[in-house]
Amino acid sequence: MEAVLEQVGQLPALLAVSRSALVRDWDSLTLDRALEWSRYFQHLHDRFRTRPRLREALGRRLRRGQPSPLLGFPHLGRCPQLLGLALLENRALPPAACHRLIHSLLQPLVAEAGPDSRSLALLARRKAASRLLALPRGPPRAPEGMEPQLQAEAQLLLSRLREEGQEAEAAGEAAGRLRWLSGVLEQLPQPRAFEVVAAALLLLGQGSGAEQAGGGGRDGNSLDGNQASGTGDGYVAGPLLSWLLGNLERFSAFCLFLPGSLLASLAGHYSQLSRPYLDLLTGWGSHLLYDPLQGRWVKSCLEEAELSWEELRERFCCLCQGSALLRGQTQATLKLLKARDGDFKVCGLSVWTDLQMEVEGYLRK
């Protein structure tokens, strides 16, 4: 027992080192040893928690010579989370060791002893997830290929949204998920945040049996965003859509950054996106002017005309490749815009006449 007491007496030093600059020399092997010690202390807690005399002896050994606040026996049971949180807050921890720590903390949790320990374990997982989502990235790329790292980030975000949704439902506070989501996404560079959100929405759409790249649902009629999850994930898509649509400038940047094919796919899965996206395209198209010398539509003002004629045409053609319902909505929008603009039949007088002719020609191919 004396050997156990001596070992427990090293816990304050372990936690102190984890908060110091000494961790800059830690490699993955050193981190693994520290985590093994934390799990050993947790094992001691589980082993002796029903034995009052041994609990008291271990508690006295922990309190010996410590400054305030004091550690006690209950801290042994939370040692992996205490160590993990201290290291996550320590910027001196090298990247390799940090990655190892993050993956360790994100492992599925085993049953915990009480509500306090569960809360601490959840906090450790949240901080680890936050660090993972905030890791530096290379030049942003559109997620058409859904590279493995982007898919992993999107799946992690969806997993945490599900957990937040369950907690918010239990607490009767639906707005909690959106606050949490906004806080996480604000830590990412905006282009990467757009990629992660788009990938997460696409994964949800695929999970409901919808086809990729704007194919719509099995029945080609998936414009109802509430159907984006036949498996109960509608409440997960809700915060993602609210985050996008709650700020027009953000939604505009989202639509400018992502390719037309991906946006058409998302619009096909979520009715909440299709109308605002068409409204954006309408606004951008209204800033194009016909240049008779060049014989084509050009931007009237670089600050206002976000898309060129070629880009606008490509976006509308992508929408018409989607489900029958999305294609019908897009064609009806073009028909209405053409009528409002004078319902001309010749080129060069209305951008909507020319776009409708281009789209119809594209569909006939």
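First things first, this report covers the structure right here in the doc. Because the structure is a prediction, the values reported are computed rather than measured.

Its location among the elements puts His45 in helix H3 (residues 28-48). With residues up to four places along the chain from it excluded, the contact list for His45 reads Phe73, Pro74, Leu76 and Gly77.

Once that is clear, we can look at helix H15 (residues 271-285). Over its 15 residues, H15 runs 22 Å from end to end, which matches the ideal 21 Å to within 8%, given 1.5 Å per residue. What H15 keeps buried is the set Leu273, Ser274, Tyr277, Leu278, Leu280, Leu281, Thr282, Trp284 and Gly285.

In this structure the tally under the stated criterion is 0 disulfides. This cysteine, Cys318, is not joined by any disulfide, and Cys317 carries the nearest cysteine sulfur, 7.2 Å off. When its relative accessible area of 9% is taken as the criterion, Cys318 is described as buried. The cysteine Cys320 is free of any disulfide, with Cys317 supplying the nearest cysteine sulfur at 6.8 Å. A relative accessible area of 2% means that Cys320 is categorised as buried.

Counted according to the given criterion, the structure contains 12 salt bridges. With its nearest N and O atoms 3.4 Å apart, the salt bridge here joins Asp279 to Arg275. One end of the pair is Asp279 and the other is Arg275, both in helix H15 and 4 residues apart, which spans about a single turn. When its relative accessible area of 43% is taken as the criterion, Asp279 is described as partly exposed. A relative accessible area of 34% places Arg275 in the partly exposed class. The salt bridge partner of Arg296 is Glu310, with a shortest N-O separation of 3.9 Å.

What the rule picks out here adds up to 2 cavities of 30 Å³ or more. Computed from the structure, the largest cavity encloses a volume of approximately 40 Å³. What lines the largest cavity is Phe251, Phe254, Cys255, Leu263, Leu266, Ala267, Leu273 and Tyr277. At the level of secondary structure, the elements contributing two or more residues to the lining of the largest cavity comprise helix H13 (248-257), helix H14 (260-269) and H15. Looking at the lining of the largest cavity residue by residue, the class counts come to 8 nonpolar, no polar and no charged.

What follows is about the packing of helix H16 (residues 309-319) against helix H18 (residues 351-364). In contact at an axis separation of 10 Å, H16 and H18 are set at 50° when each is read in the N-to-C sense. Viewed along their axes, H16 and H18 adopt a mutual orientation that is oblique. In the crossing of H16 with H18, the sense of the turn from one axis to the other is right-handed. Here Trp309, Leu312, Arg313, Phe316 and Cys317 of H16 lie close against H18, whose contacting residues are Val351, Trp352, Asp354, Leu355, Glu358, Val359 and Tyr362. In terms of residue class, the contact of H16 with H18 is made up of 9 nonpolar, no polar and 3 charged.

To continue, consider helix H4 (residues 52-63). For H4, which comprises 12 residues, the first-to-last C-alpha distance of 16 Å matches the rise-based estimate of 16 Å (1.5 Å per residue) to within 8%. Looking at the buried positions of H4, the neighbouring elements they touch are helix H1 (2-8), helix H2 (11-18), H3 and helix H5 (73-77).

With that settled, consider the environment of Gly205. When you line up the elements, Gly205 lands in helix H11 (residues 190-207). With relative accessibility at 1%, the residue Gly205 sits in the buried group.

Pairing analysis gives 4 bridges linking strand E1 (residues 288-291) to strand E2 (residues 296-299), with the strands arranged antiparallel. Among the inter-strand pairings, Leu288 is bridged to a residue of E2, identified as Lys299. Joining the antiparallel neighbours E1 and E2 is a turn of 4 residues, in which Gly295 adopts a positive phi near 70°.

Definitions and cut-offs
Residues numbered from 1 in each chain as written. Predicted model: local features only at pLDDT ≥ 70, side-chain atom pairs only at ≥ 80, totals over all residues. Heavy atoms only, no water. Helix = DSSP H or I, 4+ residues; strand = E, 2+ residues; numbered from the N terminus. Contact = heavy atoms within 4.5 Å. Expected span 1.5 Å × (residues − 1). Buried < 20%, exposed > 50% of the residue type's maximum accessible area, 1.4 Å probe, protein only. Disulfide = S-S within 2.5 Å. Salt bridge = Lys/Arg side-chain N within 4 Å of Asp/Glu carboxyl O. 1 Å grid on protein atoms, 1.4 Å probe; cavity = no way out; pocket = protein on both sides within 12 Å on 5 of 7 lines; lining within 4 Å. Points joined across faces, edges and corners; volume = space filled by probe spheres on them. Nonpolar A, V, L, I, M, F, W, Y, C, P; charged D, E, K, R; others polar. Axes fitted to C-alpha atoms, helices over the stretch in contact; angles between N-to-C directions. Parallel < 35°, antiparallel > 145°, perpendicular 65-115°, else oblique. Left-handed = near helix turned anticlockwise from the far one by under 90°. Pairing = 2+ DSSP bridges.

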